[in-house]
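Now for the letters of each chain:
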Amino acid sequence: MKLIKGYPESMRESIEMVEKTREKRLKEKYQQMSMEERDDVLNKYHPDYKPEVKRTLSVGNSKGEIVPFEVADLIESYSRISEKDIDLSNIDYDVDLLIIGGGGAGTMAGIWATYEGIDPQNILMTTKLRHGDSNSIMAQGGIQAADKSNDAPEIHYLDVIGGGHFANDPELVEALVSDGPAIIKWFEGKGVMFDKEKDGTMITIHGGGTSRKRMHSAKDYTGMELLRVIRDEFINLSIPAVEFSPAIELLMDDKGQVAGAVLFNIETHQYYVVRAKATIMATGGFGRLHIQGFPTTNHYGATADGLAMAYRCGARLRDMDSVQYHPTGAAFPEQIVGLLITEKVRGLGAQPLNREGEMFVHPLEPRDVESAAFIKECYGAGGGVETPTGMQGVWLDSPMINMIKGEGVTERELSAMYRMFKRFDINMVEDPILVFPTLHYQNGGVVIDSNGATELKGLFAGGEVTGGVHGKNRLMGNSLLDYSVFGRRAGISAARYAKKASIGKLTLSHVTKYSKELKKVGVPESRKSPMILPEYRGKNVMSRAIDIF
Amino acid sequence: MLAEKNQIPLVSVFIMGKEYKVPSGLTLMKAMEYAGYRYTRGAGCRAGFCGACATIYRLKDDYKLKSALACQTTVDDGMYLVQLPFTPANKKKYDMEKLNIAHNALLKEYPEIARCISCNSCTKVCPQELKVMDYVQASLRGDIEKAAILSFDCVQCGLCAFRCPAEITQYHVGQLARRLNGKFVAPKAIHTEEAVAKLNNGVSKKEISKLKILKLAEIKDLYKKRVTE
C-alpha cells in the first residue's frame, strides 16, 4: 500500500477537506450539550448502554449486580488452586503488610505505611510484571487538584459528582478532592517536574467536564514522571518488592480476616505463601479483558485479578456495570490501534472532525458523552473516515495546536504523542490524526470507605480496583489523583490495623466454599481465574500446540 | 484474521536466530506473539511508556546494530532480533532531604559519570532519541536543570547502560537529576502552598458537607448552573 507521509490516498482526500475548513474553525466554538442531549446520545450510542452485553451475577455478595459478560465470566470462575494443592504450614514470607500490585496505588501505600511507622522489612510488595508496569505509568494528560485561587475542593467535588452521573460515593469524592492540593505539594517536594511558569505557577488546563483549569501536567508523560519518582522513593526506603510473582488467591484466617496471599512465580511456577497482618489490594483495572472486543489503552497485566480474588473472600463490588471508553484511541496506523491519545490534545485546542472536516461535538464533553458522539458520527451519521483495514474513525485536528498556542508547543508538551506518530511517519503538527473510542478504565470496583478499608477485616484497597470514587464515569486527571489519595490512605490505614492485628490459622476454605456455590449454579469447571496475563499468541500456533514439556 | 487467510504478505523475521514468517505491518511485539511466544518478561505497557521491551536488531545486509522498543517498531523482512529482558544496574539509595546540590550531588552519588569518554554510543542507541551523552556531560558539570530537561522523556529501558564503554547507568543518573531539579532548582508553586494552608480554615469542609446532603435534583441543578472558566 502506498503511503504519502504516513497516510494512504483515500485518507488524504479527507485530510484535504479538513485543511479547507481549518481557517474558519479556528474562530469557531462548538456548543456543549444540554443534560438531555447528553442522555440521548449516551442511550443511543454508548457501548455501555446496551443491555444485551451484560448479565446478572448469580453468586457472591454482589449477587444481582449487572456486569459485562467478560467481568461476569472472570468473577464466576473457579480458583486456579484448591486447598489440597497448597501447604499453608510452610510460610515463605511473614510480614505486617502485603501490597498486591506495583502500580501507583501500591507504591504510594508502601511509602505511606513506612511513614506510619511500619519497618520496611516487614512490608512486601508483590507484582505480576515489574514494579511500575501499570496503567499509572501510561497516564499522559495530567492530575487534577484544586490549588488555584479561582478554584476550591467544593468546585472540584461538583465536577466529579456530575461527571460520574451523581452515582459516586460522596465520602470518597470528598476525600479525593480535599487531599488534592496536599498531594500536589507532596509530589513537588519529592521532586516531580510539573509544568510551571517561570515564577513557579503550575501550568494548568481544562479536561473534559472540568469547570476550572486544574489539570497539572508533566508534558504528556505525567503518569510516567509521577511513577518514576515514587518508585525511586520506594526503592530508597528499602521496601522489598517481588516481581513476576502475581497473587493468585487471598488467604484468610479462622477468624474471618484476610491474612495474606498465595503468590505464583510466573517464571519458575513455584508458589509462595505470604502471611500478612494487613493486605492491600492494588491490582488495577480490567482493560485486557477487552470488553465487547474493544482494543484497550491498558498495560499488559490489566486483567482485574484483584476483583476475582477479593470477591471470593466476600468483598462487595459496585458500579461494575459501567466501563470507560476513552474517546481518543488511535485508529490509524494499525500498529497502534487502541493506544491512548491523551485528552490534552483536545485540551490544547485540537477539534474532533468528521470526514468532511466539520465539527460535530464540543471537544471537551465528559468522556462517555464524547465517546458516544464519536460512535454516533461513525455509525449513525455516516461521517466516519475509513482506514485501509476497514476501521472507522474521526479526525483530531492536531495542527491547530501550534496555530493557537504557538510554534513548537506540540513537540514540547505532547512529545510522547509526537514521537509515537513520527515513528510511523505521521507528523501530527502538519496532519490530523485519526481516533476512535478505546477501552480505557474500570469505573467501578471493590467497595471501600474513605480510609481505603474494604468491608473485609484485614483487606484494604486503592486505585482502579476500587469503586465509588468516580461513580459511572471518571473524569480525566482523577485517576492519578485517585491512586495518590487512596493508595496513601490505604497504606496508612493498613499500617495502623497491622499494628494491632493478630492472625489465626491460615485457610483457603473460602475458595472451597465459593467453588461449591459456582457448581450449584452450573458454572463450567473449565472456567478459571485470575487470568494473570491475556493470550495473544497466533491462532495457527495455538491450534498445533501440545502440552508435553 | 486477514493474515491467516494469507491476504497480508508475510515477511521473514529471525527471532533469536530462528526464522518465522509473520504478516508484514506487525510491531515486533505482535510478531513475536504471532510466532507463538508468550511474554512474561519483555512486555509492559505495550505503548512506548514503560521501557520493558528494549530490543536490539540488525537488518538484512547491514552491519549496523540497531535498537528499538518492540511495541513501537514495525517488522522488516530479514530482520534478526533479540529482546533484553533485564538490565543489571545498581541504583543508588539516597535521602532526597539530605542531598546538597551545591556540591554536585550527581557526581557524588554516581562518580562513574566522570569516566564518560564522549563516544556518544548512549545517544545513538536511545530509542527515544534523547541526547543521552549531553545529559551525562551536563551532570558532570553540575548543570542539574539541563540534565533533567534533556533526560525527561527517558523510559528507563536500559539500552544506554548496556552500550556504555564507561559502564555508566545513565538512566539512573537522569532520574536523580530530575528529582533534584524538581525539588531544589525549579521555583516552588506558591499557590499550591496557599491552597493547602487554606484547607485548614475549614471552609471547604463546610461547603462540601452541604453538598453531600443535597437531594439528587438539587445537586443536579447546581451542576447544571455551574460556571465554567
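Just so it is clear, the structure is predicted and the values come from calculations on it, not from any experiment. (Residues numbered from 1 in each chain as written. Chains lettered and ligands numbered in written order. Predicted model: local features only at pLDDT ≥ 70, side-chain atom pairs only at ≥ 80, totals over all residues.)

### Description of the sheet that holds strand 3 (residues 54-58) of chain B
All names here are of chain B.
Step number 1: Strand order in the open sheet made by the five strands is 2-1-5-3-4, with mixed pairing throughout. At either end of the open sheet lies a strand with only one pairing partner, and these are strand 2 (18-23) and strand 4 (66-69). Sheet twist, expressed as the average angle between the axes of neighbouring strands with direction ignored, equals 35 degrees.
Step number 2: As defined by bridge partners, strand 1 (residues 10-15) adjoins strand 2 across six bridges and the pair is classed as antiparallel. Considered in strand 2, the bridge of V13 is made with Y20. (Pairing = 2+ DSSP bridges. Helix = DSSP H or I, 4+ residues; strand = E, 2+ residues; numbered from the N terminus. Axes fitted to C-alpha atoms, helices over the stretch in contact; angles between N-to-C directions.)

### As for the sheet that holds strand 14 (residues 317-318) of chain A
Residue and element names in this part refer to chain A.
Step number 1: Read across the sheet, three strands follow the order 14-20-22 without closing on themselves; strand pairing throughout is mixed. Two strands bound the open sheet, and with one partner strand each, they are strand 14 and strand 22 (466-467).
Step number 2: Pairing analysis gives two bridges linking strand 14 to strand 20 (residues 445-447), with the strands arranged antiparallel. Paired with R318 across the strands is G445, a residue of strand 20.

### Let's talk about unusual backbone geometry
Residue and element names in this part refer to chain A.
Step number 1: For the bond from F332 to P333, the omega torsion is -5 degrees, close enough to zero to count as cis.
Step number 2: Along the polypeptide, P333 turns up in the loop between strand 15 (323-330) and helix 9 (344-347).
Step number 3: The omega torsion across S529 and P530 is 0 degrees, close enough to zero to call that bond cis.
Step number 4: Mapped onto the elements, P530 comes out in the loop between helix 15 (509-520) and helix 16 (539-543).
Step number 5: One non-glycine residue, H269, adopts positive backbone phi at about 70 degrees.

### Describing the domain arrangement of chain A
Residue and element names in this part refer to chain A.
Step number 1: Domain annotation for chain A reports domain 1 (3-49 + 324-439) and domain 2 (83-93 + 102-322 + 443-507).
Step number 2: Look at where the C-alpha atoms of domain 1 and domain 2 centre, and you get two points 30 Å apart.
Step number 3: Every contact between the two is made by 28 residues of domain 1 and, on the other side, 29 residues of domain 2.
Step number 4: Among the elements of the structure, strand 15, helix 9, helix 10 (367-379), helix 13 (415-423) and strand 19 (433-442) are those that each provide at least two residues to the side of domain 1 that touches domain 2. (Domains from an automatic or database assignment. Contact = placed C-beta atoms within 7 Å.)

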